[in-house]
Amino acid sequence: MFPNLSETLSVSRIGREILLIRVEIGIRKGLPNFQILGLASQNTKESRDRLRLAIESAGFIFPFATIIVNLYPNHKPKKVSFFDLAITLGILEASGQWQNPFPQRILALGSVSLSGRIHASEELLELLWASPKTRETIFLIPSELRERHLPEANYIYLSSLEEIKEIDWLPEIITFPPLEETEPESTWDKEILNPSQMLAFSGLCYSLLGRHHALMVGNPGTGKTKLAQLVSQMQPSWQPSDLNLDEGIPLSARYCLNGKVKPRPFRQPHHTTTEQALVGGGSSLTLGEVSLAHGGILFLDELTLFREKAIESLREPMEAGKIEHARVLTRETLPADCTVIAALNPCPCGNYLGIKTCHCSKKQIRDYLRKISGPFLDRISIHIHLFNQNESRTVEVVREDYRRKLNEAMDFRMARLVEERKREVFSSPAERMNGGFEKSLLRFSYRQKQNTMQLARTIADFNLSSTVKEQHLLEAYEFVQNSLFFEDLN
Ligand SMILES: [Zn+2]
């Protein structure tokens, strides 16, 4: 009976959109011809020659007929796709060499080599995670993915086309155990800090706990970069709610090859980085550093060397935890909830306010800091000062102790937030302020007051305290007050 038709499902990605594709195959008598319709990628078009050989190597017959492959919906370009396996199954089914033995529909994803081997790739795995999953579908995937962390679904693993002849075993329903996180690589266990560095270190710990952005202003050699590196290895473990795979972060950015979750990211772009590299966008909507640092730290060393436009582009993600990009017809939102930690010298020579002599004039310093705008500074709660002074005392910090403390504090904070949401009672530290403290806030803008309150709440969480105490407010006040450094220059 001609023409013979078959239909298999597969998946394709255009930009960030995931499309379920119907791979329709029609075979009819006629001159040998193999056509693929429906805006296939170059790689899919090339599969015509590849599959002919692969099907024969696997011991099947490649039909001597006219074969039409239609990728539905036809009008959408199939930029990223792995249709080889789906097309092969369709050809075998339409030519009567194979029949789907299951009541469910089959969704196939896989590349096929000339010898008929079936292969996977990181991109394929990402498509698999993004595919719509129902009990009504059986996924046919490369057996290379057997050891990988996969979403819950019905799977049949294949290593070569030959195994198609034997597909009658029941699919494995895979439910994976909770995600396991790899330990962050550590280059330090203990570190000796002076009192100013210790204060900075605490500030950065609060920054990690409450996602407060931090800015370190200090003379060269006071340990700004070192401190950022230290806290990069102290980031708390992921909370389950952080690991939402549908949010658009590529799997490879989030998972190791063994399927374990990577620790929270630490990104340190160079100061020559463009605005687009920092926040993403462009015609193919690439992820910027802010998105790659989602859930972790974006460290900007020597902030004054960055381009003004690049610094300004951070305002939206710093405020909203995401970034919107205008597309031709729509707007796309990418996640960008990272903690920005920036560092800079206080003046062109670097010695301002330190023990060495600074010869810069007020005007030179103002010009030097001009790129750091008011709105940018408003988004920073933790202002850290590291100026050279004679400090002989030292403190030892042990990484493991602080990481454990941070994890406990994070659990405490999350539980508090859940509880508050349930009771719809939100702790408002502002009500607990006493009159004397209000006076010391006189110079603060509304925004600086808000920052102080929010930071005080985080410091309370760090100390596992359900109420915000005066000592927490005072500590928060010190960090926010340092921001007046910029105003005092004017
Ligand atoms: Zn100077």
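Since this is a predicted model, take the numbers as computed values, not measurements.

## A closer look at the overall build of the chain
Of regular secondary structure, the chain possesses 17 helices and 22 strands. Across its three principal axes, the chain shows a C-alpha extent of roughly 90 × 45 × 40 Å. The 490 residues of the chain split such that 50% are buried. For the chain, the share of sequence-separated contacts (at least 6 apart) that also reach a separation of at least 24 residues comes to 73%. Approximately 23,200 Å² of the chain is accessible, and the part contributed by carbon and sulfur atoms is 51%. For the chain, the distance from the average site of its 58 positive side-chain charges to the average site of its 59 negative ones is 5 Å.

## Remarks on the coordination of the zinc ion
For the zinc ion, the full set of protein donor atoms is C347 (SG), C349 (SG), C358 (SG) and C360 (SG), and the range of their distances to it is 2.2 to 2.4 Å. Given four donor atoms and angles of 105 to 114 degrees at the metal, the environment of the zinc ion is assigned as tetrahedral. Counting residues between consecutive donors of the zinc ion along the chain gives the motif C-x1-C-x8-C-x1-C. Of this pair, C347 sits in the loop between strand 20 (339-344) and helix 11 (362-368) while C358 is found in the loop between strand 20 and helix 11, placing the two residues 11 residues apart along the sequence. The partly exposed category is assigned to C358, whose relative accessible area is 21%.

## Quick look at the UniProt feature "domain: Mg chelatase-related protein C-terminal" (unreviewed entry) in the chain
Those places that UniProt annotates as "domain: Mg chelatase-related protein C-terminal" (unreviewed entry) correspond, in this numbering, to residues 442-479. Each end of residues 442-479 is marked by a C-alpha atom, and these two atoms are 16 Å apart; helix forms 71% of the span and strand 0%.

## Section: the pairing of strand 4 (residues 66-72)
In regular strands, side chains alternate between the two faces of the sheet. Counting buried positions along strand 4 yields five of seven residues, so the element is predominantly enclosed. As paired strands, strand 2 (residues 17-28) and strand 4 are joined by seven bridges and run antiparallel to one another. Residue pairing for strand 4: E24 is matched across the bridge by N70. One ladder, built from five bridges, connects strand 3 (residues 33-37) with strand 4; its direction is parallel. What sits directly across from F34, in strand 4, is I67. Viewed along the sheet, the connection from strand 3 through helix 1 (residues 42-57) into strand 4 turns out left-handed.

## Details of the domain arrangement of the chain
One can read the domain layout of the chain as domain 1 (4-174) and domain 2 (190-488). Just the C-alpha atoms count here: the centres of domain 1 and domain 2 sit 47 Å apart.

## Thoughts on the nonpolar core
By size, the foremost hydrophobic cluster in this structure holds 44 residues, and its most contacted members are F201, L204, M216, L227, I341, I384 and L455. Those residues in contact with L455 that sit more than four places away from it in its chain are Y206, H212, S381, I382, A476, F479 and V480. Core analysis: the next-biggest nonpolar cluster, separate from the first, contains 40 residues, A40, L89, L140 and I164 among them.

## Remarks on the environment of I55
Considering the arrangement of structural elements, one finds I55 in helix 1. Sequence spacing of I55 and L89 is 34 residues, and the spatial spacing of their C-alpha atoms is 9.8 Å. Discounting chain neighbours no more than four positions away, the residues touching I55 are F60, I61, F62, T88, I91, L92 and L161.

## Brief notes about unusual backbone geometry
Peptide bonds are mostly trans, and most non-glycine residues show a negative phi. The peptide bond linking Y72 to P73 adopts the cis configuration, its omega dihedral lying at 5 degrees. Inspection of the secondary structure assignment puts P73 in the loop between strand 4 and strand 5 (80-81). For R211, which is not glycine, the phi dihedral falls at a positive 50 degrees. Looking at the secondary structure, you find R211 in the loop between helix 4 (195-210) and strand 13 (213-218).

Each value, and the rule that gives it
Residues numbered from 1 in each chain as written. Predicted model: local features only at pLDDT ≥ 70, side-chain atom pairs only at ≥ 80, totals over all residues. Heavy atoms only, no water. Helix = DSSP H or I, 4+ residues; strand = E, 2+ residues; numbered from the N terminus. Buried < 20%, exposed > 50% of the residue type's maximum accessible area, 1.4 Å probe, protein only. Contact = heavy atoms within 4.5 Å. Areas by Shrake-Rupley, 256 points an atom, 1.4 Å probe, with all protein chains shown as cover. Lys, Arg positive; Asp, Glu negative; His and termini not counted. Charge placed at Lys NZ, Arg CZ, Asp CG, Glu CD. Donors = N, O, S within 2.8 Å, 3.2 Å for Na, K, Ca; no water. Tetrahedral: all angles 85-135°; square planar, octahedral: opposite > 155°, others 65-115°. UniProt positions renumbered as here; feature names shortened; annotations may be inferred. Pairing = 2+ DSSP bridges. Right-handed = clockwise from strand over helix to strand, strands pointing away. Domains from an automatic or database assignment. Core = buried A, V, L, I, M, F, W, Y, C linked by side-chain atoms within 4.5 Å.

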